Amino acid sequence: MNAQQQETLQQLLQQYRDLPGGLLPLLHAVQDALGHIPADAIPAIARAMNQSQAEVHGVIGFYHDFRTSPPAAHSLRLCRAEACQSMGSEALAAQLRTQLGVEDHGHTADGQLELRPVYCLGACACAPALQLDGQLHARVTPEKLSALLAACGKEAKC
Amino acid sequence: MLTLYIPMDSVACAVGADAVAAAFAAEAARRKLDIDIVRTSSRGLFWLEPLVEVDTPQGRAAYREVSPDQVASLLDVDLAANGDHLLSVGLVEQLPYLKTQQRLLFARAGITSPLSLEHYLAHGGYQGLEHAARLSHDEIVAEVLESGLRGRGGAAFPAGIKWRTVRQAQAEQKYVVCNADEGDSGSFADRMLMEGDPFLLIEGMTIAGLAVGASRGYIYVRSEYAPAIAVLRQAIDIARAHGYLGADVAHGGHEFEIEVREGAGAYICGEETSLLESVEGRRGTVRAKPPLPALQGLFGQPTLVHNVLSLASVPLILSRGAAWYRNFGMGRSLGTMAFQLAGNVRRGGLVERAFGLTLRELVFDYGGGTASGKPVKAVQLGGPLGAWIPPSQFDTPLDYEALAAIGAMLGHGGAVLCDDSLHLGQMARFAMQFCAEESCGKCTPCRIGSTRGVEVIERLLAAPDSAERQRQRALLDDLCDTMQYGSLCALGGMTPFPVQSAMRHFPADFGLDTQEQAQ
Ligand SMILES: Cc1cc2nc3c(=O)[nH]c(=O)nc-3n(C[C@H](O)[C@H](O)[C@H](O)COP(=O)(O)O)c2cc1C
Ligand code: SF4
Ligand code: FES
């Protein structure tokens, strides 16, 4: 972490250390501020929350949301749960594989876009759904997916 | 002045409601038209979204699936007089889909502005708390017990019994925890309620706190629901500013505070003990019961854990009375249920009805069959741990006991439709894979069994001959047995339901012919 990140972390530790059960809110806040939870932040987090480093690692590892490496510029979360599958989400996943060469949990060759599966976004009546950079989109068709990708600079390769 | 109502529900916005609202504002400004755009909750008629409603002398007239480029042509007709337009669906409350519903919980859906306390109060809000404040704690508990309300989170446990247990527990600090983890595919009623009518949930939790003697509440919302989290936090601030939360919520010196906690992407955290671990800041490992959360829950204290819709049912039970509430439903399934139609369905949306309508009515009368127009192949009811139900069983009434009798469950009320493009062998594999990914890891049948399950199903689907298929199928049956009876919670314990129901009703999707299936 650089000096500025250190300072951000210290502020967040102050803010959350006395909150009962505050580890998850703290981890969310750190990730919101820094994009990820840097490995060298963990000793300070553990000390502030009165837990062992192993416990903090255990919590970060348990939840799908937390990440210890910086995110790509764009994050695509494609819903793969049952309602979306019944409306063609697997075809959208295949489209991403062929057009962008990106696999689940992977990223494009240029590292600009990462793809993560998600299981239900609460948009099941307008399936299939996805989240692009935190924004929800529903009734996604292959054309709409291409347009969304184009809008964030990810033209199809083919 | 023309008043337009456009939902601010996140899914309505995901299909363009924000853009439509912006287009109306811009076009009206261009024409120097005086219009008022009220952002409301959604009616839950999602196949019509973005649905734009207009005040007319007869009631609200509605226009369906409006896109920004149709805004100009809409403003060309006399909307206030229910003007004719290609997109017109007439008076919204006359639509059979809505008219035949019994909207108790969702009485305000599509009508009020989510964050307007004024709207909430004008439409019956806080009458339940007002009534509760005049009762003793035990009388409130008795009312909930008498109503027959059962938990809407899936397990359908009688709410009143839980309230009584927490009420009678002796402790300095008790808690009310709202389970808003809504992880089931096909479910969105909790989301709609939190985004659309947050004060109802706050009122329900406040009454619960009053009844059981808890001064603190938590709402644990899954992180995928960022808009709901934002709305709830604002609503809590508004309620506090008006004295509905804080040091004295019911004119008797009773304190109640609510904090929203965000999940972090773990399906298992919908299980109540895992959820409590998570609120305490730990891995969401399931706790063995006993001790019951009602006696030793959050931070070891007596805790009332309820689903969003269970808590949101409470204000109405208090304001209208238990006897009135019992008029809805059948047998031991009383009140209304928020059914949710999802997946490959022509008219997807929220259907709030008393228990007891049949699955057929839900799927066809409301849902209109599949979106693709092909025959309905199956319905998965109750989320990823629910059984796949074939059309031959669609006459089953939707109540807890009748569904249990056919090996299915209502769960949180979500119904996912599919046509023959969905391969149920693959869905069985998916169920095991989902369990493997989301297992908390505490017990072996779930943690290891689910991974083995994926492998066995893959081998079954790829089996070259009948002998091999039979071998794999026997293995899978064994494994399902072990998971069902050897798991600590329903994730491991019920993953066999979608797997075995798919195999039983759709043997062809597993390469099994009917004869092999019968063996
Ligand atoms: C794997 C699993 C996931 C669950 N997910 C949820 C959920 O997302 N929302 C919910 O309210 N209950 C969920 N439950 C049920 C809860 O454990 C618990 O029964 C419920 O919160 C009690 O509230 P109720 O009595 O109001 O239903 C889940 C249970 C299991 C085993
Ligand atoms: S069944 Fe699975 S999720 Fe439930 S306690 Fe066991 S390992 Fe955890
Ligand atoms: S299953 Fe995809 S949004 Fe619910």
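Reading the values: the criteria
Residues numbered from 1 in each chain as written. Chains lettered and ligands numbered in written order. Predicted model: local features only at pLDDT ≥ 70, side-chain atom pairs only at ≥ 80, totals over all residues. Heavy atoms only, no water. Helix = DSSP H or I, 4+ residues; strand = E, 2+ residues; numbered from the N terminus. Buried < 20%, exposed > 50% of the residue type's maximum accessible area, 1.4 Å probe, protein only. Contact = heavy atoms within 4.5 Å. Areas by Shrake-Rupley, 256 points an atom, 1.4 Å probe, with all protein chains shown as cover. Buried area = accessible area lost by both parts, 1.4 Å probe. Salt bridge = Lys/Arg side-chain N within 4 Å of Asp/Glu carboxyl O. Nonpolar A, V, L, I, M, F, W, Y, C, P; charged D, E, K, R; others polar. Near = heavy atom within 4 Å. Polar contact = N/O pair within 3.5 Å; in protein donor to acceptor, adjacent residues only side chain to side chain. 1 Å grid on protein atoms, 1.4 Å probe; cavity = no way out; pocket = protein on both sides within 12 Å on 5 of 7 lines; lining within 4 Å. Sits in = over half its atoms within 2 Å of the grid points. UniProt positions renumbered as here; feature names shortened; annotations may be inferred. Points joined across faces, edges and corners; volume = space filled by probe spheres on them. Axes fitted to C-alpha atoms, helices over the stretch in contact; angles between N-to-C directions. Parallel < 35°, antiparallel > 145°, perpendicular 65-115°, else oblique.

Draft legend 1. Spatial organisation of the overall build of chain A. Helices and strands together make up the secondary structure of chain A, namely seven helices and four strands. Ordering the α and β elements of chain A from the N terminus gives α-α-α-α-β-α-α-β-β-β-α. Projected onto its principal axes, the C-alpha coordinates of chain A cover approximately 50 × 30 × 20 Å. Evaluated residue by residue, chain A yields a buried proportion of 55% over its 158 residues. For chain A, restricting intrachain contacts to residue pairs at least 6 apart in sequence, the fraction spanning at least 24 positions comes to 59%. Total accessible area on chain A is roughly 6900 Å²; 49% of this is exposed by carbon and sulfur atoms.

Draft legend 2. Structural view of the interface of chain A and chain B. Contacts between the two partners involve 38 residues from chain A and, on the opposite side, 60 residues from chain B. For the pair chain A and chain B, the summed buried area comes to about 3600 Å², and 57% of that belongs to carbon and sulfur atoms. Inspection of the chain A/chain B interface yields zero salt bridges. Counting residues per element, the ones that place at least two in the side of chain A that touches chain B are α2 (23-34), α4 (53-62), α5 (82-85) and β4 (135-137) of chain A. Here the side of chain A that touches chain B gets four residues from one element, more than from any other, and that element is α2 of chain A. Residues that form the side of chain A that touches chain B fall into these classes: 22 nonpolar, ten polar and six charged.

Draft legend 3. Just the site of ligand 1, in detail. All names here are of chain B. Of all residues adjacent to ligand 1, which total 19 residues, the nearest are G153, N179, H306, N307 and S310. Note that an oxygen atom of ligand 1 is positioned 3.4 Å from one of the backbone N or O atoms of G183. The side chain of S310 places a nitrogen or oxygen atom 2.6 Å from an oxygen atom of ligand 1. Burial of ligand 1 by the protein amounts to 90% of the accessible area it has alone, namely 610 Å². Among the detected pockets, ligand 1 sits in the largest pocket. Elements with a contribution of two residues or more to the shell around ligand 1: β9 (303-307) and α20 (490-494). If you tally residues by element for the shell around ligand 1, the top one is β9, at three residues. In the shell around ligand 1, the residues fall into five nonpolar, eight polar and six charged.

Draft legend 4. Representation of the UniProt feature "binding site: [2Fe-2S] cluster" (unreviewed entry) in chain A within the structure. All names here are of chain A. Using the residue numbers shown here, the UniProt feature "binding site: [2Fe-2S] cluster" (unreviewed entry) corresponds to C79, C84, C120 and C124. These annotated residues cover 46 residues of sequence, but their C-alpha atoms sit close together, with the largest distance between any two at 9.5 Å. Here C79 shows up in strand β1 (residues 74-79). C79 sits in the buried class, given a relative accessible area of 2%.

Draft legend 5. Molecular detail of the site of ligand 2. Residue and element names in this part refer to chain B. Near ligand 2 lie 13 residues; those nearest to it are C440, K442, C443, C446 and C489. Its atoms largely coinciding with the cavity grid, ligand 2 occupies the second largest cavity. Looking at the shell around ligand 2, its residues break down into eight nonpolar, four polar and one charged.

Draft legend 6. Quick peek at empty space enclosed by the protein. All names here are of chain B. Applying the stated criterion to the full structure yields four cavities of 30 Å³ or more. Quantified by volume, the largest cavity comes out at close to 90 Å³. Considering the residues around the largest cavity, the lining is formed by D9, S41, S42, L105, F106, R108, A109, T112, M192, L193, G196 and D197. A class-by-class count of the residues in the lining of the largest cavity yields five nonpolar, four polar and three charged. Around the second largest cavity, the lining is made up of 13 residues, and of these V286, C440, C443, C446 and C489 lie nearest the centre. Among the residues forming the lining of the second largest cavity, the class breakdown is eight nonpolar, four polar and one charged.

Draft legend 7. Structural view of the layout of surface pockets. In this structure, the largest pocket encloses a volume near 1200 Å³. Contributing to the lining of the largest pocket are 48 residues, with G153, G154, A155, E271 and E272 of chain B lying nearest its centre. Listed by contribution, the elements that provide at least two residues to the lining of the largest pocket are α8 (159-168), β9 and α20 of chain B. Quantified by volume, the second largest pocket comes out at close to 870 Å³. If you go around the second largest pocket, you meet 31 residues; those closest to its centre are H28, Q31, D32 and D65 of chain A together with E262 of chain B. Going through the elements one at a time, α2, β1, β2 (113-118) and β3 (130-132) of chain A together with α11 (226-241) and β8 (257-262) of chain B are the ones with two or more residues in the lining of the second largest pocket.

Draft legend 8. Region of the structure containing the packing of helix α3 (residues 42-49) of chain A against α4 of chain A. Residues and elements named next belong to chain A. Contact pair α3 / α4: the axes reach a minimum separation of 8 Å and the direction vectors enclose 105°. As judged from the angle between their axes, α3 and α4 are roughly perpendicular. Touching I42, P43, I45 and A46 of α3 are Q53, V56, H57 and I60, all from α4. Per-class residue counts for the contact of α3 with α4 are six nonpolar, two polar and no charged.

Draft legend 9. Region of interest: the pattern of salt bridges. Applying the stated criterion across every chain, the model contains 34 salt bridges over all chains. The partner of D104 of chain A in a salt bridge is R80 of chain A, with the nearest N and O atoms 2.7 Å apart. Residue D104 of chain A is located in the loop between α6 (89-100) and β2, and its partner R80 of chain A is located in the loop between β1 and α5; the two are separated by 24 residues in the primary sequence. Since its relative accessible area comes to 32%, D104 of chain A is described here as partly exposed. R60 of chain B is paired through a salt bridge with E53 of chain B; the nearest N and O atoms lie 3.0 Å apart. This pair shows no difference in class: R60 of chain B is buried, exactly as E53 of chain B is. Ionic contacts of the salt-bridge type, sharing partners, join the residues E27, R30, R31 and D76 of chain B into one network.

Draft legend 10. Fine view of the side chain of S450 of chain B. For S450 of chain B, the location among the structural elements is in helix α18 (residues 444-462). Residue contacts for S450 of chain B: discarding those within four places in its chain leaves M432, C435, A436, P445 and M483 of chain B.

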